[in-house]
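What the coordinates show
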Amino acid sequence: MLARKGLVPEEYVLRLVEDVSRPRYRARERKVRFVAKNGACNVAHTNIREQGRFLQDVFTTLVDLKWRHTLLIFTMSFLCSWLLFAMIWWLIAFAHGDLHRPGAGTEGAVPCVTSLHSFTSAFLFSIEVQVTIGFGGRMITEECPAAITVLLAQNIVGLVINAIMLGCIFMKTSQAHRRAETLIFSRHAVVSPRNGRLCFMCRIGDLRKSMIIGATVRLQLVRQTATAEGEVLPLDQIDVEMDSPVGGGGIFLVAPIIIAHVIAPGSPLYPLRAADLHSRHFEIVVILEGVVETTGITTQARTSYLSDEILWGHRFVAVVSQEDGRYSVDYSKFGNTVRVPMPDAEQAGGHAAPHAATFDIFPPPEHTTRRRKLTEPHRQHSETGDEEEQGSSDRP
């Protein structure tokens, strides 16, 4: 419009349009998750050629279907069985000549099924037989042995359909992941000192009063790595040892518990720096398993933390307090964190001369290789001390 009025040259207006359409900033690359925050696995199965394997396990396939598909199959299975046996009953009546006798049921003309004169009445009789309604207007007689055989077959088929479909719906309503909806994880994980050791921590809680029996927690590190032969592993899963808060293999999940992993030599996370949380791409998967107290079904809850979802130099706020002679849990503070002072070595980059880890997912820069070779005898001497002395002796 300005160009038309002669106020602004047309060349300059076109240049402005080109500059606006050209992005000035590069969009931030979105990190791909292996496990979503709600526990769903972000994996798509494609190019599956042997589809018949799913039909070999029909019950599990029906349970895994969506609700609308399950209800559709539930309805169609009954309708198809009713129509199939209605056709059979109609054919029996047609073969016996019951459809052409207007006075069927009188003395001297005994039909196979009383009051069956059309396909509609045969369909109604099929429903009455399969669901055992028995209105009393139609009934089978001993005139036709074939009709008795069909009656037995329809009852058996009806019982099988009821058992499969009702069992499928029961399993869908009582699936283990439904119980996992009330098992919650903190939205962020934290890294901070705990008892003088650098720890990776996350919080787990249960909203229900019914307990999870034999609850266990596992941590796994998922990251793309390469072997010495050059093989690329896009989803290399490494077990991360957990420092159990109760000193055993399981946890007593009555109140929210903080799960911790000590970042020490030998840990897959060692050495971890604050800069690695923004420059590296890795994912820590947290898996909680246990038996539901009320149903006895094993349940599993999952979540994951990307590198940018880990807060460096934070710790969780206390949520348990004593009120009126009992412990009270304030879930409004479940995911709240506060900053804590970090050791000077950690803030400066820390672990300048790292120990040889079992699996070092954060390889140090090339310019530090010579420094590691010079400090190798010193590290071997420091390994004879305790863990705290090892960390302090390795820092310059």
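Let me sum up the structure you'll find in this document. (Residues numbered from 1 in each chain as written. Predicted model: local features only at pLDDT ≥ 70, side-chain atom pairs only at ≥ 80, totals over all residues. Heavy atoms only, no water.)

**Describing the environment of Thr299**
Rules: Here a helix means four or more residues in a row that DSSP labels H or I, a strand means two or more in a row labelled E, and each is numbered from the N terminus. Contacts are assigned to residue pairs with any non-hydrogen atoms lying within 4.5 Å of each other.
Summarising the element assignment, Thr299 is placed in strand S8 (residues 298–306). Setting aside chain neighbours within four positions, we find Thr299 in contact with Ala176, His177, Arg179, Ala180, Ile212, Leu288, Glu289, Gly290 and Val292.

**Brief notes about the state of the cysteines**
The bond known as a disulfide is covalent and runs between the sulfur atoms of two cysteines. Condition: Sulfur atoms of two cysteines make up a disulfide when they are within 2.5 Å. Accessible area is worked out with a 1.4 Å probe on protein chains only. A residue is then buried under 20% of its type maximum, exposed over 50%, and partly exposed in between.
All told, the structure shown has one disulfide when counted by the stated rule. A sulfur-sulfur separation of 1.6 Å characterises the disulfide bridge that pairs Cys112 with Cys144. Taking the sign of the S-S torsion, -55° for the link of Cys112 and Cys144, the bridge is left-handed. Here Cys144 lies in the loop between helix H5 (119–130) and helix H6 (145–173) and Cys112 lies in the loop between helix H4 (67–96) and H5, a separation of 32 residues in the sequence. Residue class for Cys144 comes out buried when judged on its relative accessible area of 7%.

**Some remarks on unusual backbone geometry**
For the peptide bond that leads from Tyr270 to Pro271, omega is -5°, which places it in the cis range. In this structure, Asn47 is a non-glycine residue whose phi angle is positive, near 55°. With respect to the helices and strands, Asn47 occurs in the loop between helix H1 (10–21) and helix H2 (52–55). In this model, Asn195 sits at a positive phi of 55°, which is unusual for a non-glycine residue. Here Asn195 lies in the loop between strand S2 (189–194) and strand S3 (197–206). On the basis of relative accessibility, which here comes to 75%, the residue Asn195 falls in the exposed class.

**Overview of the pattern of salt bridges**
For clarity, the cut-off: Here, a salt bridge means any side-chain nitrogen of Lys or Arg that lies within 4 Å of a carboxyl oxygen of Asp or Glu.
As enumerated under the stated definition, the model contains seven salt bridges in all. One salt bridge connects Arg33 with Glu309, and the closest N-O pair in it is separated by 2.7 Å. Placement of Arg33 in the loop between H1 and H2 and of Glu309 in the loop between S8 and strand S9 (310–312) is noted, with a sequence separation of 276 residues between them. Arg33 gets classed as buried once you look at its relative accessible area, which sits at 17%. The partner of Arg280 in a salt bridge is Asp276, and the shortest N-O contact between them spans 3.8 Å. For Arg280, a relative accessible area of 24% gives the class partly exposed. Because the salt bridges share partners, they merge into one network encompassing Arg33, Lys37 and Glu309.

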